[in-house]
Amino acid sequence: VQLQASGGGLAQAGGSLRLSCAASGGTVRRLGMAWFRQAPGKEREFVGCVRRGDGSIAYADSGKGRFTVSRDNAKNTFNLLMNSLKPEDTAVYYCAAGGGVIFSAASYAASYPYWGQGTKVTVSS
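Residues numbered from 1 in each chain as written. Predicted model: local features only at pLDDT ≥ 70, side-chain atom pairs only at ≥ 80, totals over all residues. Heavy atoms only, no water.

1. Side note on the overall build of the protein
Piece 1. Helices and strands together make up the secondary structure of the protein, namely 0 helices and 11 strands.
Piece 2. Reading the protein from its N end, one meets helices and strands in the order β-β-β-β-β-β-β-β-β-β-β.
Piece 3. What you see for the protein is a C-alpha radius of gyration of 13 Å, in line with the 14 Å of a compact globule of 125 residues.
Piece 4. Its C-alpha atoms give the protein principal-axis dimensions of about 40 × 25 × 25 Å. (Helix = DSSP H or I, 4+ residues; strand = E, 2+ residues; numbered from the N terminus. Rg over C-alpha atoms; globule rule 2.2 N^0.38 Å.)

2. Observations concerning the environment of glycine 14
Piece 1. Locating glycine 14 in the fold gives a position in the loop between β2 (9-12) and β3 (17-24).
Piece 2. Along the backbone, glycine 14 and leucine 85 are 71 residues apart, and their C-alpha atoms lie at a distance of 4.8 Å.

3. Overview of the side chain of arginine 66
Piece 1. Note that arginine 66 resides in the loop between β6 (57-59) and β7 (67-72).
Piece 2. Judged by its relative accessible area of 10%, arginine 66 falls in the buried class.
Piece 3. Polar side-chain contacts of arginine 66 include one of 2.8 Å to the backbone oxygen of serine 62.
Piece 4. A distance of 3.0 Å separates a polar atom in the side chain of arginine 66 from the backbone oxygen of serine 84.
Piece 5. For arginine 66, the residues in contact, after removing those within four places along its chain, are Leu81, Met82, Asn83, Ser84, Leu85, Lys86 and Asp89. (Buried < 20%, exposed > 50% of the residue type's maximum accessible area, 1.4 Å probe, protein only. Polar contact = N/O pair within 3.5 Å; in protein donor to acceptor, adjacent residues only side chain to side chain. Contact = heavy atoms within 4.5 Å.)

4. What to know about the sheet that holds β7
Piece 1. The strand order across the open sheet formed by 4 strands is β1-β3-β8-β7, and the pairing between neighbours is antiparallel. Taken across any chain shown, the strands that pair with only one partner, and hence form the sheet edges, are β1 (2-6) and β7. Averaged over neighbouring strand pairs, the angle between their axes works out to 15 degrees when direction is ignored. (Pairing = 2+ DSSP bridges. Axes fitted to C-alpha atoms, helices over the stretch in contact; angles between N-to-C directions.)

5. Details of the pattern of salt bridges
Piece 1. Evaluated as defined, the whole model comprises 5 salt bridges.
Piece 2. Note that arginine 37 and glutamate 45 form a salt bridge whose closest N and O atoms lie 2.5 Å from each other.
Piece 3. With a relative accessible area of 34%, glutamate 45 lands in the partly exposed category.
Piece 4. Through salt bridges that share partners, Arg37, Glu45, Arg66 and Asp89 make up one connected network. (Salt bridge = Lys/Arg side-chain N within 4 Å of Asp/Glu carboxyl O.)

Note that all results are geometric; they support no functional claim without further evidence.
This is the structure we're talking about:
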């Protein structure tokens with residue numbers, strides 16, 4: 001499975017950005033998909049995920065009410081809509097996928113064998 005993330009860029013605080021992750025070599029509906037992010041000098045952290053099959057969704061507390069993950073089965077993409085952006089959302093955002101992700105462990109980076117290259121998001125105050 002190959003993942004290609006896009007959509008990062010510069011946004012002002014309070015603004016919005018939409019990230020997209022295009023998958024090839026696999027079908028997003030059959031994969032557990034997740035977004036992680038890594039800010040400078042910090043560890044990679046979980047943002048949100050979609051469970052394979054039924055599409056159940058989970059979010060990290062940092063994005064609840066502001067971030068929305070979605071899966072487009074027709075386009076074979078996995079998306080992250082970020083609203084009400086804050087400067088602390090500045091990070092490189094990575095999409096990840098796995099065929100055998102256990103949902104209770106979906107927030108752990110080690111659950112995902114496939115990773116995109118990352119897309120940088122910068123939020124100015």
